Amino acid sequence: MTDKLTPLRERIDAIDAQILDLLSQRGRIAQQVGHVKAETDAPVFRPEREAQVLRGVAERNPGPLKNQDVQTIFREVMSACRALEKRVTVAYLGPAGTFSEQAVYQQFGSAVEGLPCASIDEVFRSTEAGTADFGVVPVENSSEGAINRTLDLMLATTTVISGEVSIPVHHSLMTKTGSMEGVGVVCAHSQALAQCQVWLNLHHPNVERRAVASNAEAAVMASQDATIAAIASEMAGEQYGLGVVQAHIQDDPHNRTRFVVIGTLQTNPSGRDRTSLVLAVPNTAGAVYKLLAPLATHGVSMTRFESRPARIGTWEYYFYVDVEGHRQDAPVARALEELHHNAAFFKLLGSYPVGL
Ligand SMILES: C=C(O[C@@H]1C=C(C(=O)O)C=C[C@H]1O)C(=O)O
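- An unreviewed UniProt entry annotates the chain as Bifunctional chorismate mutase/prephenate dehydratase of Massilia jejuensis.
- Per UniProt, the chain has the following entry under Subcellular location (unreviewed entry): "Cytoplasm".
- Turning to the chain, the UniProt record has this under Function (unreviewed entry): "Catalyzes the Claisen rearrangement of chorismate to prephenate and the decarboxylation/dehydration of prephenate to phenylpyruvate."

Re helix H12 (residues 330-342)
Here is step 1: In a regular helix each residue adds 1.5 Å, so 13 residues correspond to 18 Å; H12 covers 19 Å between its end C-alpha atoms and thus fits that length.
Here is step 2: Where H12 is buried, its residues contact strand S12 (273-280), helix H11 (287-297), strand S14 (317-324) and strand S15 (345-353).

Examining the UniProt feature "domain: Prephenate dehydratase" (unreviewed entry) in the chain
Here is step 1: Under the feature "domain: Prephenate dehydratase" (unreviewed entry), the UniProt entry names residues 89-264.
Here is step 2: As a span, residues 89-264 carries 33% helix and 33% strand, and end to end its C-alpha atoms are 13 Å apart.

A look at the packing of aromatic side chains
Here is step 1: Evaluated as defined, the whole model comprises 6 aromatic pairs.
Here is step 2: Both rings, one in Phe-45 and one in Phe-108, keep their centres 4.7 Å apart while their planes meet at 40 degrees; by these two values the pair is tilted. You can see Phe-45 sitting in the loop between helix H1 (2-40) and helix H2 (47-60) and its partner Phe-108 sitting in helix H4 (residues 99-108), a full 63 residues away along the chain.
Here is step 3: Residue class for Phe-45 comes out buried when judged on its relative accessible area of 3%.
Here is step 4: Residue Phe-108 is classed as buried on the basis of its relative accessible area, which comes to 0%.
Here is step 5: For the ring pair Phe-45 and Phe-134, a centre distance of 5.1 Å and an interplane angle of 85 degrees mean the geometry is edge-to-face. In this pair, Phe-45 is assigned in the loop between H1 and H2 and Phe-134 in strand S3 (residues 134-141), connecting sequence segments 89 residues apart.

What counts and how
- Residues numbered from 1 in each chain as written.
- Predicted model: local features only at pLDDT ≥ 70, side-chain atom pairs only at ≥ 80, totals over all residues.
- Heavy atoms only, no water.
- UniProt positions renumbered as here; feature names shortened; annotations may be inferred.
- Helix = DSSP H or I, 4+ residues; strand = E, 2+ residues; numbered from the N terminus.
- Expected span 1.5 Å × (residues − 1).
- Contact = heavy atoms within 4.5 Å.
- Phe/Tyr/Trp six-rings, centres within 6.5 Å; stacked < 30°, edge-to-face > 60°.
- Buried < 20%, exposed > 50% of the residue type's maximum accessible area, 1.4 Å probe, protein only.

Now the structure itself:
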């Protein structure tokens, strides 16, 4: 067997040497890109360019590696090359071990500076103030719907959306000991409690449920007190030394959360983009129908429509609308112009590459 393996491993060694040489060449060119950008103060992270590179490798992938796996590799290659230009700082809802942190790495690769924040508000503040280059915030969950705080802050702040990333959300019930003996309370973020309510009703109907700031915080609490159980990701459980009582307790096995990348710079077209905006109309019969007519006229597809009560002012609701395409694409540009004209309130949140 050794005789058969040795020549194969020699070939792998030779290929690795070539890969390393090519990676070094790529890194040196990224450094040159960094110098060109520095001359004009141009932004380091270009989400549209990274989306194109990742789509390109999937299209050209000859196999046998899976598209998802080659994309993960190239995500890391770009992350390392980008860090040669500048290591970008990304604020997220901490502490470490949250799904938000996973979303940061899925979008930016691991060569980033994560900045854990205590609340979604703080993620927005850090991004607006420039303490972080970008922020990553949850915007909707497939089981529970919109994350209202994010919607409200998108409206109230000057940040724009420059990317999106969606990740599967699997919750586990965990304790210090790995058993529920002596446990009187189960802690988690309110969204996670809601996403596991059927399972909890069935298996632990008499255990008190307590909402805390994040699942990771629940994991910290459980690691310090054997009478507390936490619902969190297994990654968070590992981080804080918890034992798994039951894995995958979320009511929907396909549960996913979509996050948006917020920043201060508009993103250029990538070829497959989405545009998010907020609209309001006076509360009269047929007003919403009339408001949205330009989308149909110009053949622009709406992928999301969400309403939030307006807490002040003349209008009853704000409508959060996502459409296919970039604001610079001709049909979208024409539809936006008409929407802007018809709406009593109009705010463009940004155009950005559709997530992988
Ligand atoms: C090299 C660049 O800078 C960054 C790194 C990229 C890469 O490694 O391919 C792509 C886009 C940017 O986020 C670039 O803008 O082309």
